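Summary of the model geometry
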Amino acid sequence: MQLKKIIPLAAVAAMTCGAVAYAAGFTLSAPPKIAFLYFADKGDGGWTQAFDEARPKIEKALNMKLPFVENVPEVAGKITPAAESFINRGYNVIIGTAFGYSDTFKTLAEKYPKVAFLNASGTTNGANLESFYGRTYESQYLCGMIAGAMSKTGKLGFVAAHPIGPVNWTINAYELGAQQFNPKATVTVIFTGSWNDPVKERAAAQAMADQGIDVIGQHVDTPTPQIVAQERKIFGTGHHRDLREFAPKATLCSSAWTWDKHLIPTLKKIAAGNWEPSPYGAFPGIKDGGTDIACCGASVPKDVVAKVMAERDAIIKGKQIFTGPMKDTTGKERLAAGVKIDDGGLWKMDWYVPGVIAQK
Amino acid sequence: MATPVTVEPAPASPHRFGRITLDMRQNLPPWKQAVFLGGSLAIGLVISIVILAFAGISPGELAGELAGVANADSLRNTLVQAAPLILVGLGASLAFRIGFWNLGIEGQMMFGGIFATAVSIAEIGPPSLRLLFMGIAAALGGMFWVLVVLLLKTRFRVNEIIATLLLNYVAMYFLFHLLYGAWQDARSAFPQSTPYKPFERLNDIGFNVNAGLLVAIAGVLVAGWFIHMSRAGFYMRFISSNPGMAKVVGVPIQTVTFWIVAASGACCGLAGYVNVASQEGRLTQSFADGYVFSGVLIAFLARNDPIVVAVVGFLISVLFITGQQLQVFYQIPFTMVQMIEAIIVIAVASSEFFIRHRVRWIR
């Protein structure tokens, strides 16, 4: 797919950092030894656990063990020692799992040019460093469709972490998906200000249920909103992993990472010596190992599932859900008729489509 | 039916094996204190090694690995970590000495980082003096955030424990407000400021030492002189041991309190400055996370003595780096690492008991 589609912002950043062309490819000087740095606890129920569940699949495909360190927060003083203790033991492929590792990984990649660095949701790239993230709007759009179909009140909720591009695009995608079944559907967003704050997530989800919202979507790292949905006998849709594990009755579907689909081929390329890190980072969709839809709860009717799966096929074939004409909540035109959003526009997204009710 | 007769054993004498008594010690010489401290540390390590042995890690293997840890990278990382830990330890111990329970360390660090970044953004001062100005601004930022509480406490009798703790959240949301708004790096659209220029960074000065550590050492020396040798330090000891008498004989309690609390905030502000200017290179969301706990712990273990704070701050940093290494080498769970860290901290803390008390067994 369009892995090398230009992210103009990242391109500017890459150029100012002095990284020019490195199409020559990257070759390890020894057989690969691969290690993970996990942002949170490996059993966090969401983001980090998704990596820990991809790990055995990668281990099987590459026939080697992948050690890891848990709870490496987004601070240079904690990331550097964790990475260096692996590097000093001969590890030459380090996989990070947080946006906040970006700067430190850039520094480390320059200090250790013979080590390959990969970083999920990072923003930095280089001759031996590639950030990667998924086109999460695709799967969240499909979950939004199911939410729109299942809601009786037409009022959907969305518990989100921070108002940044990759979160804003999931919110917009959710609303656009819901409109496929219910053109009048609204999505009310609450930002918790944290990726992992079960207390605030609970309060937010409960406030939503009190307001008559009957399907709660989410882009936070814990399954708390789903658990609240189950307690309040309403529905929800999950993110990061299949959250039916926590709320089998409430969770209609989840937008779940398929990291092994992206990491196995990438790591094989690194091992074979023909890895060419993209200067703009890897950005796979459903097709190549971003997030896919884990579907569906027993209460979702078959015809709804069929329509969602048809949309999934269309997305795999190249459908871009952010295609103009598209206006924001203030009526300003964001995409002209027929224009598809580019990756720079996605990462910078700081606007919401009509129907989204957000604090910002 | 006959009730079986049970023969009660004779009650044991309460003093059959003698008694254990506690006496308060007066002044234990420093070398004896060090022996107690070292002994407790050894006991903590032995317990940890036994637990690790049960987890399948042989002590010999462990020693080999830990010897391998003492390389240049680990030392550098340990020293980098130690600088902010020492500064927050100082901040906490200064305030605790006069009974001002400053739990707002993180908020003061955030304001230190914010003020330093403001100097960078507004480009105040020539490049050669920029780092100095950022440091001064950071100290003022930390001071500002703690003096708000002092004002609340002296004017309105607001409890400073609650006020400092809760103002951490206000500081955090103010930081978020800047990072998601006016100060957001336009190039990445993520919550972080634009990177500092090269002359706004605290760099390595050789021997695996970062300039941030110099800030911490300067802080230790100034605080040490202040507490042990200055007139204000004498007043401070007077106030903490007998506030009533201090007032009667005319010690300027309010002035001393003001400056000590301000100095506490300044140390925390500088800790924030060291983190953003040496490690992060820009203002980020989480550079102050977790330092309230570390600061209070270090001040407690060091019994509020600045020189000891430097030693304890370094040891806590060693403990952290070693803990991470254990995870890397043996893939033991993070919770186990936390447990071992807790065992060692409790062991060291309990040495305090034996330093203060003489335990005697009287037969």
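Predicted, not measured: the structure shown is a model, and the values here were computed from it.

What counts, and at which threshold
- Residues numbered from 1 in each chain as written.
- Chains lettered and ligands numbered in written order.
- Predicted model: local features only at pLDDT ≥ 70, side-chain atom pairs only at ≥ 80, totals over all residues.
- Helix = DSSP H or I, 4+ residues; strand = E, 2+ residues; numbered from the N terminus.
- Buried ≥ 20, exposed ≤ 12 C-beta atoms within 10 Å, placed from the backbone.
- Contact = placed C-beta atoms within 7 Å.
- Rg over C-alpha atoms; globule rule 2.2 N^0.38 Å.
- Pairing = 2+ DSSP bridges.
- Axes fitted to C-alpha atoms, helices over the stretch in contact; angles between N-to-C directions.
- pLDDT = per-residue confidence, 0-100.
- Nonpolar A, V, L, I, M, F, W, Y, C, P; charged D, E, K, R; others polar.
- Right-handed = clockwise from strand over helix to strand, strands pointing away.
- Domains from an automatic or database assignment.
- Core = buried A, V, L, I, M, F, W, Y, C linked by C-beta atoms within 7 Å.
- Expected span 1.5 Å × (residues − 1).
- Parallel < 35°, antiparallel > 145°, perpendicular 65-115°, else oblique.
- Left-handed = near helix turned anticlockwise from the far one by under 90°.

1. Describing the overall build of chain B
- Along the backbone of chain B there are 13 helices and two strands.
- Each principal axis of the C-alpha distribution contributes one length, and for chain B these read about 95 × 60 × 50 Å.
- Relative to its full complement of 363 residues, chain B shows a buried share of 40%.
- Pairs at least 24 apart in sequence give 78% of the contacts found in chain B among residues at least 6 apart.

2. Points about the overall build of chain A
- In terms of helices and strands, chain A carries 11 helices and 14 strands.
- The globule rule puts the C-alpha radius of gyration for 360 residues at 21 Å, and the 20 Å found for chain A is close to it.
- For chain A, the spread of C-alpha atoms along the principal axes amounts to about 60 × 40 × 35 Å.
- Considering chain A as a whole, with its 360 residues, one finds that 58% of them fall into the buried category.
- Looking at chain A alone, contacts between residues at least 24 apart form 67% of all its contacts between residues at least 6 apart.

3. Notes on the sheet that holds strand S7 (residues 186-191) of chain A
Residues and elements named next belong to chain A.
- One open sheet holds the seven strands; their spatial order is S11-S10-S9-S8-S6-S7-S14, and the pairing between them is mixed. The two strands at the open ends of the sheet, each matched to only one other strand, are strand S11 (291-295) and strand S14 (356-357).
- In the packing of helix H7 (residues 198-210) onto the sheet, contacts are made with strand S6 (155-160), S7 and strand S8 (215-219), and the angle to S6 comes to roughly 170°.

4. Observations concerning the sheet that holds strand S2 (residues 68-69) of chain A
Residue and element names in this part refer to chain A.
- Here five strands make up an open sheet; going across it, the order is S2-S1-S3-S4-S5 and the pairing parallel. Single-partner strands in this sheet number two, and they are S2 and strand S5 (129-132).
- Note that strand S3 (residues 93-96) and strand S4 (residues 116-120) share four bridges and pair parallel. Note that in S4 the partner of Ile94 across the bridge is Phe117.
- The strands touched by helix H4 (residues 102-111) within the sheet are S3, S4 and S5, with S4 carrying the most contacts at an inclination of about 175°.

5. Quick notes on the confidence of the model for chain A
- Of the residues in chain A, 93% reach a pLDDT of 70 or more, and the chain-wide mean stands at 90.
- Low confidence marks residues 1-23 of chain A, where pLDDT is under 50. Its contacts with residues over four positions away, or in another chain, come to 45 contacts.

6. Concerning the interface of chain B and chain A
- With 27 residues of chain B in contact, the opposing surface of chain A contributes 31 residues.
- Mapped onto the side of chain B that touches chain A, the elements with two or more residues apiece are helix H3 (72-97), helix H10 (253-280) and helix H12 (306-330) of chain B.
- Its residues assigned to classes, the side of chain B that touches chain A shows 10 nonpolar, 13 polar and four charged.

7. Description of the pairing of S4 of chain A
All names here are of chain A.
- With five of five residues buried, S4 lies mostly within the body of the structure.
- Because side chains alternate across S4, one face comprises the buried residues Ala116, Leu118 and Ala120, and the other comprises Phe117 and Asn119, equally buried.
- At this point the chain moves from S3, through H4, to the parallel S4, and the crossover so formed is right-handed.
- With four bridges joining them, S4 and S5 adopt parallel strand pairing. Each residue of the ladder has a partner; that of Phe117, found in S5, is Leu129.

8. Here we look at the domain arrangement of chain A
Residues and elements named next belong to chain A.
- What the domain assignment lists for chain A is domain 1 (8-135 + 258-272) and domain 2 (137-256 + 291-357).
- Across the boundary between the two partners, domain 1 contributes 13 residues, which contact 16 residues of domain 2.
- Those elements giving two or more residues to the side of domain 1 that touches domain 2 turn out to be helix H1 (8-16) and helix H2 (47-62).
- Among the elements that take part in the side of domain 1 that touches domain 2, H2 stands out by supplying three residues, more than any other.

9. Observations regarding the environment of Lys332 of chain A
All names here are of chain A.
- Here Lys332 shows up in the loop between strand S12 (326-327) and strand S13 (333-335).
- In this structure Lys332 comes out as exposed when scored by C-beta crowding, with 8 C-beta atoms within 10 Å.
- Placed 19 residues apart in sequence, Lys332 and Trp351 show a C-alpha to C-alpha distance of 9.7 Å.

10. Comments concerning the nonpolar core
- Counting residues in hydrophobic clusters, the biggest one holds 196 residues, and the most contacted among them are Ile94 and Ile146 of chain A together with Ile86, Leu87, Leu270 and Val274 of chain B.
- It is H10 of chain B that provides the largest number of residues to this core, a total of 14 residues.
- Structurally, this core is a two-domain feature, drawing no fewer than three residues from each of domain 1 (8-135 + 258-272) and domain 2 (137-256 + 291-357) of chain A.
- Apart from the residues within four sequence positions on either side, Ile146 of chain A is in contact with Thr237, Leu252, Cys253, Cys296, Val300, Val304 and Val308 of chain A.

11. Points about unusual backbone geometry
- Cys295 of chain A connects to Cys296 of chain A through a cis peptide bond whose omega is -10°.
- Mapping Cys296 of chain A onto the fold places it in the loop between S11 and helix H10 (302-316).
- Residue Gly324 of chain A is joined to Pro325 of chain A through a cis peptide bond whose omega torsion reads 5°.
- Positionally, Pro325 of chain A belongs in the loop between H10 and S12.
- With phi around 55°, Arg157 of chain B is a residue other than glycine that occupies positive phi space.

12. Let's talk about helix H6 (residues 160-179) of chain B
All names here are of chain B.
- Helix length check: H6 (20 residues) gives 28 Å between terminal C-alpha atoms against 28 Å at 1.5 Å per residue, within 8%.
- Looking only at H6, the buried set comprises Glu160, Ala163, Thr164, Leu167, Asn168, Ala171, Leu175 and Leu179.
- Looking at the buried side of H6, the elements it contacts are helix H4 (105-122) and helix H5 (127-156).

13. Some points on the packing of H7 of chain A against helix H8 (residues 224-231) of chain A
Residues and elements named next belong to chain A.
- Direction vectors running N to C along H7 and H8 enclose 40°, while the axes themselves pass 8 Å from each other. In this view, H7 runs oblique relative to H8, as classed from their interaxial angle. In this structure, H7 crosses over H8, and the sense of that crossing is right-handed. Facing Pro198, Glu201, Arg202, Ala205, Gln206 and Ala209 of H7, the residues of H8 in contact are Thr224, Pro225, Val228 and Ala229.

14. Some remarks on the pairing of strand S10 (residues 251-257) of chain A
All names here are of chain A.
- Summarising burial for S10: seven of the seven residues are buried, a large majority.
- Across five bridges, the pairing between strand S9 (residues 235-240) and S10 is parallel. Paired with Gly238 across the two strands is Ser254, which belongs to S10.

15. Here we look at helix H6 (residues 165-181) of chain A
- In this model H6 of chain A runs 25 Å from its N-terminal to its C-terminal C-alpha over 17 residues, within 8% of the 24 Å that 1.5 Å per residue would give.
- Most of H6 of chain A is tucked away: 13 of the 17 residues are buried.

16. Section: the environment of Ala250 of chain A
Residues and elements named next belong to chain A.
- Positionally, Ala250 belongs in the loop between S9 and S10.
- Judged by the 26 C-beta atoms lying within 10 Å of it, Ala250 is buried.
- Counting along the chain gives 73 residues from Ala250 to Thr323, while the straight-line C-alpha distance between them is 31 Å.
- Sequence-distant contacts of Ala250, defined by excluding residues within four places in its chain, comprise Gln226, Ala229, Gln230, Ile234, Phe235 and Gly236.

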